[in-house]
Amino acid sequence: MGTVGSSVRPSPEDILVDVDTNFNTKAATVAMDSVYARTTYGLIGEYKDAIFGTIKSDYLCELYCPDTMSFLGGNRKDLISIDSVQFNIGFASFWGDSISPMGMSVYEVNNPLERNYYTNVDPSKYCSMDKPLGQGIFSIQNIPTLSSGIRILSTPVKKEVGDFFLDKWKNNPEYFNNSDSLRKIFPGLYITTTMGSGTLVNVEYSMLDIFYKYQGKNSAGTADSIRSGLFRLAVTSEVIQLNHVENKSNDLIGPSNGKSYIKSPAGLCTELTIPLSEILERAGTDRVLNSAKFKLAGISEDEEKSGFSRPAYLLMIHKDSIESYFENKLKPNGKTSLVITNSSLSSSSTSFNTYDMGNIASLINHYADLYKEQGVAVADIPDLKYR
């Protein structure tokens, strides 16, 4: 402890500076099996990891129907015929083995999807698993990469699905006015894998494609000819997608013992415990914290055993704010939530594979002021817990 500016300030206005580095911050690995995840992106597949065990992911989805959705064919609706139907998934990245075979299945949703968007959703609540609409087997190495860098994973779907949509469009076109109308006759689809455990695909987009033939003018517009058409219903941000993520190993859960683990977005996370009461007792209630540095070191040796890559960024949220944070679309504010960056992203960093939380003084001062306003005694202030 020392004084600053004592030669120019009267004694009562001295600014005292204290330094303390002996605060016991704890870490533990906790389960996060229920995460709010409203997104058009998803994961599909099953993957066994040497460190994190098995993760299986699939999703339920509605189909977006634009206002102008229709089959081509003009007044000759009787000449339109369905060729084939596919459920297509576009992806650019994946985890696991490119040669491992995977079995994909598509099921019809029978009950309307709910807007809960949590990863522990139970698919059996919405559909029956005894009658798949389509099934297929794939391996990544057999899927060509387009010029855009995207690969298309196609699962054949029963032709009857296309016939159903065509019949409804012919006889009840009002069901295709918008997505609200469409879900009355077709609530959605459930996409899952039923075989294989070596690949996990990062879904960029997905859609139901119905290929058909119709009679129309040729390219010169001089005569009728048989032409091909595509009736596409995509999964977009305007409709519901429920991502279901299941983690089958919890062996890592518990106190850190020097290590804690993160398997996100749904699975495992590190819970940090910051001893706020102890910090304020030592600093005193009338002190302002100017600097509090905190870093987390990555365990490179364990990471090399895992098939998952090291995250470039981590979002840490106060435990009590996690549910509201995603539902209310909040942003990091440096107090109840903050983003930390892995130092390995910076070539100039001298501390490789470290997550630097920076100066968290504003975080500690925020909660110190909050509990002071509430009249909570320093000894009764709870620890801060971030995940």
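The residue numbering used here restarts from 1 in each chain and proceeds along that chain's sequence as written. Local features in a predicted model are, by the rule used here, given only for residues with pLDDT of at least 70; side-chain atom pairs are given and counted only at 80 or more, and totals for whole chains, interfaces and linings are based on all residues. To obtain the side-chain values, all non-hydrogen atoms of the structure were included, while hydrogens and water were left out.

1. Structural notes on the overall build of the protein chain
Strands here are runs of E lasting at least two residues and helices are runs of H or I lasting at least four, both read from the DSSP assignment and numbered beginning at the N terminus. Each helix and strand in the protein chain was counted, giving 6 helices and 20 strands. Here, Shrake-Rupley sampling with a 1.4 Å probe gives the accessible areas, and only protein chains in the shown set may cover a residue. Counting every atom, the protein chain has about 20400 Å² of accessible surface; 49% of that belongs to carbon and sulfur.

2. Side note on the environment of N120
Mapped onto the elements, N120 comes out in the loop between β7 (102-108) and β8 (134-138). When the C-alpha atoms of N120 and D33 are compared, they prove to be 6.1 Å apart, with 87 residues separating the residues in sequence. By the convention used here, residues are in contact when the closest approach between their heavy atoms is within 4.5 Å. Residues in contact with N120, not counting those within four places in the same chain, are D33, S34 and H244.

3. Notes on the sheet that holds strand β16 (residues 293-297)
Taken together, 4 strands build an open sheet; the order of strands is β16-β19-β18-β17 and the sheet is antiparallel. With partners counted over all chains shown, the strands left at the sheet margins are β16 and β17 (313-317), one partner each. Taking the axes of each pair of neighbouring strands and ignoring which way they run, one obtains an average angle of 25 degrees across the sheet. Where β16 meets strand β19 (residues 354-359), 5 bridges bridge the pair, whose relative direction is antiparallel. Following the sheet pairing, F294 is matched in β19 by G358. By definition, two strands form a pair when at least two bridges between them are found by DSSP. To define axes, lines are fitted to C-alpha atoms, for helices over the stretch in contact only, and angles between the resulting N-to-C directions are given on a 0 to 180 degree scale.

4. Section: helix α1 (residues 159-171)
The terminal C-alpha atoms of α1 lie 19 Å apart, and with 13 residues this matches the ideal 18 Å at 1.5 Å per residue to within 8%. For every residue, the accessible area (1.4 Å probe, protein chains only) is compared with the maximum for its type, and the residue is labelled buried under 20%, exposed over 50%, or partly exposed between those bounds. V161, G162, F165, L166 and W169 are the residues of α1 that are buried. One face of α1 carries all of its buried residues, which in axial projection span an arc of 130 degrees. In this structure, α1 carries E160 and N171 as exposed residues pointing more than 90 degrees from its buried face. To estimate how far a helix should reach, multiply one less than its number of residues by 1.5 Å. The arc refers to the directions leading from the helix axis to the C-beta atoms.

5. Description of the environment of S124
The residue S124 is located in the loop between β7 and β8 in this model. Looking at S124, its side chain comes within polar contact range of the side chain of D122, at 2.8 Å. Polar contact is defined as a pair of N or O atoms within 3.5 Å, subject to the rule that within protein one atom must be able to donate a hydrogen and the other to accept it, and that residues adjacent in sequence are counted only when both atoms are side-chain atoms.

6. Considerations on the pairing of β8
Side chains of β8 alternate between two faces, with G134, G136 and F138 buried and Q135 and I137 left unburied. Of the pairings in the sheet, the one linking β7 to β8 comprises 5 bridges and is antiparallel in character. Along β8, the bridge assignment pairs V106 with G134.

7. Some thoughts on the nonpolar core
Here the nonpolar core consists of buried residues drawn from Ala, Val, Leu, Ile, Met, Phe, Trp, Tyr and Cys, with membership extended through side-chain atoms lying within 4.5 Å. F71, F87, I89, F165, L189, I191 and L208 are the most contacted members of the largest nonpolar core, which has 41 residues in total. Of all the secondary-structure elements, those providing two or more residues to this core are β5 (53-61), β6 (81-96), β7, β9 (151-157), α1, β10 (189-195), β11 (198-217) and β12 (224-234). Dropping the residues within four chain positions of it, F87 is found in contact with Y59, V106, L153, S154, T155, V157, L189, I191, S206, M207 and L208. In this structure, I274, L276, I340 and I364 belong to the second largest nonpolar core, which totals 23 residues.

8. Comments concerning the sheet that holds strand β14 (residues 254-255)
The 4 strands are arranged β14-β3-β15-β20 in an open sheet whose pairing can be described as antiparallel. If you trace the sheet from one side to the other, it starts and ends with β14 and β20 (384-386), each paired once. Bridge analysis of strand β3 (residues 26-32) against β14 gives 2 bridges, and the strand direction is antiparallel. Paired with A28 across the two strands is P255, which belongs to β14.

9. Some words on the pairing of β19
Successive residues of a regular strand alternate their side chains across the two faces of the sheet. Of the pairings in the sheet, the one linking strand β18 (residues 337-342) to β19 comprises 2 bridges and is antiparallel in character. Counterpart to T341 in the pairing with β19 is D356.

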